[in-house]
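Now for the letters of each chain:
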Amino acid sequence: MADAVKSATLKIDGTTLELPIRSGTIGPDVVDITKLYASAKVFTYDPAFSSTASCESKITYIDGDEGILLYRGYPIEQLAEQGDFIETCYLLYYGELPTPSQRRVFEHAITHHTMVHEQLTRFFQGFRRDAHPMAVMVAVIGAMSAFYHDSLDINDARQREIASHRMIAKLPTIAAMAFKYSIGQPFVYPKNDLSYAANFLRMCFAVPCEDYVVNPVLARAMDKIFILHADHEQNASTSTVRLAGSSGANPFACIAAGIACLWGPAHGGANEAALEMLAAIGDPGKVPDFIAKVKDKTSHHRLMGFGHRVYKNYDPRAKIMQKTAHEVLVELGINDDPLFDVARELERAALSDSYFIERKLYPNVDFYSGIILRALGFPTSMFTVLFALARTVGWISQWKEMIEDPNYKIGRPRQLYTGPARRDYLPLSKRGK
Ligand code: ACO
């Protein structure tokens, strides 16, 4: 962050404070209030962090008004169309796109860490088969810290790197195992000559009694979904990972915390909710009734897959998702997908309705991703798992950036206390009936 050249003036109870204003490379300036409490004995109040930069970061930039998403400066559209997930992982984690030899070394490391400790495969047997796969993911990823003791020292750069490679490599294997376990099929071991996305599809959909050939169009669609979900700066789950990591917790525990946060329907659970909503609408002709219900605040219905805390123009990922959904449906010969038809009509109707226009509500990444994942053969309960798989590289890159910052310390928000002031304890016999 550049040294402050501007400042903001704050007057409190007759005292005037000069607060430094700092600038990033692009994006809004920030008012640096780190010394505010020490000098004025007041806190700032911003419970949902709507106006608060919680950290300095060089990884991902979003301009919500312009609909721009950059990973390390590269537009998401270029990475999704011209790159692949492996180099996106390298870019997010190391800061630059890999050279051919860096890519070879990195891909080899990721590919050769895809198997999990055999004992970890037994861990699954403790779960009910009908457990939500996200519940299984939170537990199994957290349990990785009980298996990989040689990469838990967060102060050792090489151990941090090994733990990170392990998570990027093993998340697909564990996610596929969670899926296989839920449908009662045997686990399929990774295959090292396949790409990251193709290997994942094979681990999910192959069975031992049949050959399985990965469809390259579907593998490419999967890869794009991974790229689009790989990072999104300081969202709720990433902030969770950073806050958990700020205490010095090991990286496996931090990523498990991030997965737990992602599970919520306002965050990663939205694509599951969006698809359920499309299925409940069922027919493009019923869209007007649904829109009316969403606009009626007493109904407590939201248009799932619409709206975003940051994007107030268009989520650039949604455009790529819509195109990919079309490509996947064509490849699979699904000419008439009622849910895709409902989605397109819903998008058209909402984007021409003043309720959504005034509130700047547009489709987000989750609006179309459910349609693609369903066409690929995933049940809705797996959708957030796939999101977690893709986001792991973002979480781990943000965690690494935080740990490597010489000024990092434990995160500790303050509060505006509105509970009872000090009062004295009353014995039970004096508290009425
Ligand atoms: N449907 C209908 N109305 C909505 C929607 C929606 N999806 N989203 C926001 N609004 C309305 C709110 O009711 C509110 O209206 P009001 O001003 O009349 O009270 C206004 O728009 C602002 O909404 P907030 O909730 O204040 O906006 P916020 O930025 O906090 O919420 C969020 C963002 C949580 C994503 C919200 O838009 C939402 O719930 N969307 C549906 C869930 C979803 O798709 N989540 C995925 C997000 S992307 C991701 O996590 C990958």
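All of these numbers come straight from a predicted model, not from anything done at the bench.

(A) Broad picture of the pairing of strand β2 (residues 15-22). Alignment of strand β1 (residues 6-12) against β2, held across 7 bridges, turns out to be antiparallel. Opposite S7, over in β2, you have P20 as the bridge partner. Hairpin connection from β1 to β2: 2 residues lie between these consecutive antiparallel strands, with D13 at a positive phi of about 50 degrees. Here 2 bridges tie β2 to strand β3 (residues 30-31), and the two strands are oriented antiparallel to one another. Bridge assignment links R22 to a residue of β3, and that residue is V30.

(B) Layout of the nonpolar core. Counting residues in each nonpolar core, the largest one holds 113 residues, and the members touching the most others are F200, M222, L346 and F378. Of the residues forming this core, the biggest block, 13 residues, is contributed by helix α18 (residues 383-403). The residues contacting L346, other than those within four sequence positions of it, are M277, L278, I281, V287, F290, I291, L303 and F367.

(C) Local environment of the pattern of salt bridges. What the rule picks out here adds up to 24 salt bridges. A salt bridge links R103 to D84; the shortest N-O distance between them is 2.7 Å. Of this pair, R103 sits in helix α4 (residues 100-111) while D84 sits in the loop between α2 (76-82) and α3 (85-94); the two residues are 19 residues apart in sequence, bridging distant segments of the chain. Between E327 and K323 there is a salt bridge, with its nearest N and O atoms 3.7 Å apart. Placement of both E327 and K323 in helix α14 (residues 316-331) is noted, with a separation of 4 residues, approximately one turn of the helix. The exposure class of K323 is partly exposed, given its relative accessible area of 42%. Put simply, E81, K224, K323 and E327 are held in one network by salt bridges that share partners.

(D) Quick look at the sheet that holds β2. Taken in spatial order, the 3 strands line up as β1-β2-β3 in an open sheet, and their pairing is antiparallel. Each having just a single partner strand, β1 and β3 make up the two edges of the open sheet.

(E) Spotlight on the state of the cysteines. In this structure the tally under the stated criterion is 0 disulfides. The thiol of C204 is not disulfide-bonded; the next cysteine sulfur, from C209, is found 16 Å away. On the basis of relative accessibility, which here comes to 68%, the residue C209 falls in the exposed class.

(F) Quick peek at the site of the ligand. For the ligand, the set of nearby residues contains 21 residues, the closest of which are K297, R302, L303, G305 and R309. Here H267 contributes a side-chain N or O atom positioned 3.2 Å from an oxygen atom of the ligand. Contact with the protein chains covers 74% of the free accessible surface of the ligand, which is 930 Å². Tallied by class, residues from the shell around the ligand come to 10 nonpolar, 5 polar and 6 charged.

Cut-offs used in this document
Residues numbered from 1 in each chain as written. Predicted model: local features only at pLDDT ≥ 70, side-chain atom pairs only at ≥ 80, totals over all residues. Heavy atoms only, no water. Pairing = 2+ DSSP bridges. Helix = DSSP H or I, 4+ residues; strand = E, 2+ residues; numbered from the N terminus. Core = buried A, V, L, I, M, F, W, Y, C linked by side-chain atoms within 4.5 Å. Buried < 20%, exposed > 50% of the residue type's maximum accessible area, 1.4 Å probe, protein only. Contact = heavy atoms within 4.5 Å. Salt bridge = Lys/Arg side-chain N within 4 Å of Asp/Glu carboxyl O. Disulfide = S-S within 2.5 Å. Near = heavy atom within 4 Å. Polar contact = N/O pair within 3.5 Å; in protein donor to acceptor, adjacent residues only side chain to side chain. Areas by Shrake-Rupley, 256 points an atom, 1.4 Å probe, with all protein chains shown as cover. Nonpolar A, V, L, I, M, F, W, Y, C, P; charged D, E, K, R; others polar.

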